[in-house]
Amino acid sequence: MRIPILKLHNYLLISIQIDLDDQTAIQFQEDLLSKIHENGASGVVIDLTSVDIIDSFIAKVLGDVVTMSDLMGAKVVLTGIQPAVAMTLIDLGIHLQDVPTALDLEQGLIKLRQELEE
Amino acid sequence: MDFQSCVNIKKEWDIVGARQLGRDIARKIGFGTVDQARIATAISELARNIYLYAGTGKVCFEALEEIDHKGIAIIAMDNGPGIQEISQVMEDGFSTSGGLGAGLPGVKRLMDEFDIHSEEGKGTEIRVVKWLR
Ligand SMILES: Nc1ncnc2c1ncn2[C@@H]1O[C@H](COP(=O)(O)OP(=O)(O)OP(=O)(O)O)[C@@H](O)[C@H]1O
Ligand SMILES: [Mg+2]
């Protein structure tokens, strides 16, 4: 299974709509990094509105995606994290502190623009 | 106690299968979305540990029904290498696989009860319970 990555101007948009297994998560990480490289994207929004579970493995993959994209010169914003998911992440002791987040896709794009202008 | 069902953990996809079945059972018992997410996450952690460290094993679910108390028990068992030092693996950040080391201490915080039995060379059994409030 592959997660579609959409291109919008300089940005890449991803909406994760499936229950992520480990293989799909790793595949997504690779796909996104090569898309950033191909398109010279400066920003990425990953929308998690439909994701109802983030365990330690998926959290690690997402955190790594943010760090790796950053190294390649693209800012990542995570959007739409469900309240239940936020609470379980805290129980897991995962804080995603350095990861920019926003309420929804629209806010995510606004945040991205702000971050990139700074 | 009225039923028990199990998912064999053999391949990576079984981790997803286990947490989806567990979430369904939790919903039927009456858990709300936040507790469903906690339970599904705990199952995911236990199932992945089986897959990663023991290779194969199983995760079983039990609906608990007492007079004034309902809940779900999750039992994860394997015949893998076992855990040498339990206090060490219960520490946040301890991992032998380059993971976050958040799994087991996380499961303990996500659930209400946590019991672990492990014997080196024999395997590991972890039983956790969440009560409906
Ligand atoms: N079923 C098991 N059999 C043998 N060893 C295990 C088992 N479960 C956990 N362990 C050991 O306990 C350690 C801690 O497990 P824990 O789930 O807390 O962290 P992790 O799996 O290393 O990383 P994370 O879960 O954050 O991705 C593991 O690295 C592993 O050495
Ligand atoms: Mg683990």
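Residues numbered from 1 in each chain as written. Chains lettered and ligands numbered in written order. Predicted model: local features only at pLDDT ≥ 70, side-chain atom pairs only at ≥ 80, totals over all residues. Heavy atoms only, no water.

J.: Help me out: how do you make sense of the confidence of the model for chain B in this one?
T.: Caution applies to low-pLDDT parts of the model: their predicted coordinates are not meant to be read in detail. All names here are of chain B. Averaged over chain B, the pLDDT score is 95; the fraction of residues at 70 or greater is 98%. Within chain B, strand S5 (residues 123-131) carries the highest mean pLDDT (98), whereas strand S1 (residues 4-9) carries the lowest (93). ipTM for the predicted complex: 0.89, alongside a pTM of 0.94. (pLDDT = per-residue confidence, 0-100. Helix = DSSP H or I, 4+ residues; strand = E, 2+ residues; numbered from the N terminus.)

J.: Before we go on, may I ask you to explain the sheet that holds strand S2 (residues 57-66) of chain B in this structure?
T.: Backbone hydrogen bonds hold the strands of a sheet together, and the pairing may be parallel or antiparallel. Residues and elements named next belong to chain B. Ordered in space as S1-S2-S3-S5-S4, the 5 strands form an open sheet in which the pairing is antiparallel. Edge positions in the open sheet fall to S1 and strand S4 (113-119), since each of these has one partner strand only. Pairwise comparison of adjacent strand axes, ignoring direction, gives a mean angle of 15 degrees for this sheet. Here S4 runs beside S5; their pairing, made up of 7 bridges, is antiparallel. Residue pairing in the sheet places isoleucine 116 in a bridge with isoleucine 126 of S5. Those strands touched by helix H1 (residues 13-29) are S1, S2 and strand S3 (69-78), and its axis lies near 165 degrees from that of S1. The strands touched by helix H2 (residues 33-54) within the sheet are S1, S2, S3 and S5, with S3 carrying the most contacts at an inclination of about 15 degrees. (Pairing = 2+ DSSP bridges. Axes fitted to C-alpha atoms, helices over the stretch in contact; angles between N-to-C directions. Contact = heavy atoms within 4.5 Å.)

J.: Would you mind going over the side chain of glutamate 45 of chain B with me for this structure?
T.: With respect to the element layout, glutamate 45 of chain B can be found in helix H2. For the buried glutamate 45 of chain B, no salt bridge exists, and the shortest N-O distance to an oppositely charged side chain is 4.5 Å, to arginine 48 of chain B. Here the side chain of glutamate 45 of chain B touches serine 56 of chain A through a polar contact of 2.6 Å, landing on its backbone nitrogen. For glutamate 45 of chain B, the residues in contact, after removing those within four places along its chain, are Asp55, Ser56 and Leu92 of chain A together with Gly103 and Val107 of chain B. (Buried < 20%, exposed > 50% of the residue type's maximum accessible area, 1.4 Å probe, protein only. Lys, Arg positive; Asp, Glu negative; His and termini not counted. Salt bridge = Lys/Arg side-chain N within 4 Å of Asp/Glu carboxyl O. Polar contact = N/O pair within 3.5 Å; in protein donor to acceptor, adjacent residues only side chain to side chain.)

J.: Even after reading the chapter, I still don't get the layout of surface pockets, so can you show me in this structure?
T.: Leftover empty space is mapped by rolling, across the atoms, a probe with the size of a water molecule. The space that makes up the largest pocket amounts to roughly 790 Å³. In terms of lining, the largest pocket is formed by 39 residues, of which the most central are Asn49, Tyr53, Ser95, Thr96 and Ser97 of chain B. Breaking the lining of the largest pocket down by element, the ones donating at least two residues are helix H1 (22-39) and helix H2 (56-71) of chain A together with H2, S3, helix H3 (86-89), helix H4 (103-110) and S5 of chain B. Ranked by residues supplied to the lining of the largest pocket, first place goes to H2 of chain B with 8 residues. Considered as a void within the structure, the second largest pocket measures approximately 280 Å³ in volume. Surrounding the second largest pocket, 17 residues form its lining, Gly63, Val66, Thr67, Asp98 and Val99 of chain A being those nearest its centre. Listed by contribution, the elements that provide at least two residues to the lining of the second largest pocket are H2 and strand S4 (75-79) of chain A. (1 Å grid on protein atoms, 1.4 Å probe; cavity = no way out; pocket = protein on both sides within 12 Å on 5 of 7 lines; lining within 4 Å. Points joined across faces, edges and corners; volume = space filled by probe spheres on them.)

J.: Please clarify how the site of ligand 1 should be interpreted in this entry.
T.: Around ligand 1, the structure places 20 residues, and the nearest of them are Tyr53, Ser95, Thr96, Ala102 and Leu104 of chain B. Positioned at a junction of chains, ligand 1 has nearby residues supplied by chains A and B. Aspartate 78 of chain B is positioned with one of its side-chain polar atoms (N or O) 2.9 Å from a nitrogen atom of ligand 1. At a separation of 2.5 Å, an oxygen atom of ligand 1 approaches a polar side-chain atom of serine 95 of chain B. In isolation ligand 1 has 600 Å² of accessible area, and contact with the protein removes 95% of it. Here ligand 1 occupies the largest pocket. Where the shell around ligand 1 is concerned, the elements lending two or more residues are H2 and H4 of chain B. Its residues assigned to classes, the shell around ligand 1 shows 8 nonpolar, 10 polar and 2 charged. (Near = heavy atom within 4 Å. Areas by Shrake-Rupley, 256 points an atom, 1.4 Å probe, with all protein chains shown as cover. Sits in = over half its atoms within 2 Å of the grid points. Nonpolar A, V, L, I, M, F, W, Y, C, P; charged D, E, K, R; others polar.)

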